[in-house]
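Results of the structural survey
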Amino acid sequence: MTVPSQLHVAWKDRIVADQATMDDTTAQLLAARHECQLAEDALTLAAAKVEHLQAEVRLLEQRQSAATEQLARSRAASLRIAVCNLPDDVIRCVFICCAELPDIKWEKFGHGSYNHGRATLPFSLAAVCTRWRRVALDYGGLWTYISLPSIHPGNTDDRQLGFHHNRIETLLLRSQMFLLDVLLDMSPFDGESTWISSVFSSVCSHTDRWRRVEISFPYECERDIASVFAGPLPKLKQLSLLGPATLSLEDENTYFIPHAPLLEDLDLSHTGMTVSPVHEGFPSLLSLAINDDISSESLQQLLELSKATLQVLDLNVGFPARCLSSLSLPNLRTLVLHLELFFVTAQPERTVNFNASSLSALTLRSNDLMFDNDLLVLLEHVSATVTNLTLYDVVHPRYIDTLARLRNLSQIVFGTQIMRCDVHDQFLVVLAKQIPTVWPRLQTIVFCNAEIMSPGSHGNGIMQLVAARNVAPKSAVLSSVVETSDSEHPRRIREVQLPIDTPKWTVAEVERLLAITS
């Protein structure tokens, strides 16, 4: 029949196509299996090569390590030969340079801290070899750093305390007759009065060699600790004493500031020391800081004895009485007032018994206790010469009228390295808008240790201030700020050092305003 024949032919064609597909797939499978076998063989060969190379790398690393060690030994041997051929005087010169390296932890006098590297340096040098030890022991200037590490009392015992005392005794012995730098923070050692007395006695037996001395006494300590300073200190250049906070004012004994003709920096806190009536003066004193129970009469006498040379005066003292007689400090350049205006007489007629024709820098604690009529009188008195003002604590807009008396101010600094300042943003806004201009000669603004407080504002006071001084009056920024005809035209702000955490966009905008030339 015709129909079945046609169907049979169709299936035969389909079988042929399927057979061709199967044959093609089989060929591809065989080819793939062959390629896979080739890849496996290559992988095996590569793995063997990797293993061989890894073994070679390990061998080369061992050779490199051995070569490095040998090179170090060769260099050390060469250095030993070179050092052994150096004369003793050359080695001594090296030790002198080591001893004279600046102490980065004692840069600011009165705020030093223990320097482990400097304390261990002489012992490390003396341990190099017998010859270095002989030269080190012969040069006393290498052993002049007398100090105590910052030890927590709970982590010390009698053996450790004895070790530190013996170390100090060794240093004092080996330093021969060289001048000493004494940095002793004994404030953590309350309850170790016997040990403190022995250490202090050892150090004080060499007062004739003191050059730089900074001592902090324990919280609980007898006032008579100051009696050790009764004798002269002929070589002393810097003295900082922090006495016990439990200082009793009822002590009948009087302890005098020693005779120190070379003294340049004096910092006294809670020592109970005063000036002897027969003191011959301080012909070299440059800096004086008082945070003490000293009387106004003693302070005035101290200033009289140093008035010819004194350049920096830092006062943090509360007096029951003010300075009654006129005082002249012709070389005073920096005045720091923390607590009370000693130089302004009391009511009803406030006068300033103080003359400092060279005074250019003034530091004030900014609070409501300081900003009164007394301060206004003082600022008016020194306004002709003061060009640099530093404020710390809290700077509020209501202080501007008083501070405006410093009409020649060219630089203002907020905060110091050790004292923080919170500046209200509105203070800067008022500076920008007030008429007549406050501080028309201002050119530098520094936020040293400060933060700009911006309650209720956008914190853009510093930008407004710089814009007010640097942008031309026709600008829209100054549309509301027009100088009166009789006011001094403000100078450009040339430098602004912003706080570290200032937003980047604020920094960028201030830099743009500083760069404006018209």
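Residues numbered from 1 in each chain as written. Predicted model: local features only at pLDDT ≥ 70, side-chain atom pairs only at ≥ 80, totals over all residues. Heavy atoms only, no water.

Looking at an unreviewed UniProt entry, one finds the protein chain named F-box domain-containing protein and attributed to Exidia glandulosa HHB12029.

Here we take up a nonpolar patch on the surface. The grouping of Leu86, Val90 and Val94 at the surface amounts to a nonpolar patch, some 190 Å² of accessible area in total. You can see Val90 is positioned in helix H2 (residues 88–99). (Patch = residues over 30% accessible without salt bridge, like charges linked within 9 Å, V, L, I, M, F, W, Y side chains within 5 Å. Areas by Shrake-Rupley, 256 points an atom, 1.4 Å probe, with all protein chains shown as cover. Salt bridge = Lys/Arg side-chain N within 4 Å of Asp/Glu carboxyl O. Helix = DSSP H or I, 4+ residues; strand = E, 2+ residues; numbered from the N terminus.)

Looking now at the packing of aromatic side chains. Inspection of every chain in the model, using the stated rule, returns 7 aromatic pairs. With a centroid separation of 5.3 Å and 80° between ring planes, the pair formed by Phe200 and Phe217 is classed as edge-to-face. Placement of Phe200 in helix H6 (residues 193–204) and of Phe217 in the loop between strand E3 (210–216) and strand E4 (238–242) is noted, with a sequence separation of 17 residues between them. The exposure class of Phe200 is buried, given its relative accessible area of 4%. On the numbers, 5.1 Å between centres and 25° between planes, the contact of Phe414 with Phe447 is stacked. One end of the pair, Phe414, is in strand E15 (residues 411–414); the other, Phe447, is in strand E17 (residues 444–447), and 33 residues separate them in sequence. The exposure class of Phe447 is buried, given its relative accessible area of 5%. (Phe/Tyr/Trp six-rings, centres within 6.5 Å; stacked < 30°, edge-to-face > 60°. Buried < 20%, exposed > 50% of the residue type's maximum accessible area, 1.4 Å probe, protein only.)

Glancing now at the confidence of the model for the protein chain. Chain-level statistics for the protein chain give a pLDDT mean of 84 and a share of 88% at 70 or above. Counted against residues more than four places away or in other chains, residues 475–486, with its pLDDT under 50, gives 13 contacts. (pLDDT = per-residue confidence, 0-100. Contact = heavy atoms within 4.5 Å.)

Here the focus is the UniProt feature "coiled-coil region" (unreviewed entry) in the protein chain. UniProt tags residues 36–70 as "coiled-coil region" (unreviewed entry). A distance of 50 Å separates the end C-alpha atoms of residues 36–70, which is 100% helix and 0% strand. (UniProt positions renumbered as here; feature names shortened; annotations may be inferred.)

A few words now on the pairing of strand E14 (residues 388–395). Here strand E13 (residues 361–366) pairs with E14 via 6 bridges, running parallel. Of the residues in E14, the one forming a bridge with Ser366 is Asp393. Once you follow E13 into helix H8 (residues 373–382) and on to E14, the crossover reads as right-handed. In terms of strand pairing, E14 meets E15 through 4 bridges, oriented parallel. (Pairing = 2+ DSSP bridges. Right-handed = clockwise from strand over helix to strand, strands pointing away.)

Position of Thr416 among the secondary structure elements: in the loop between E15 and strand E16 (421–424). Ignoring sequence-local partners within four residues, the contact set of Thr416 consists of Thr390, Cys448 and Asn449.

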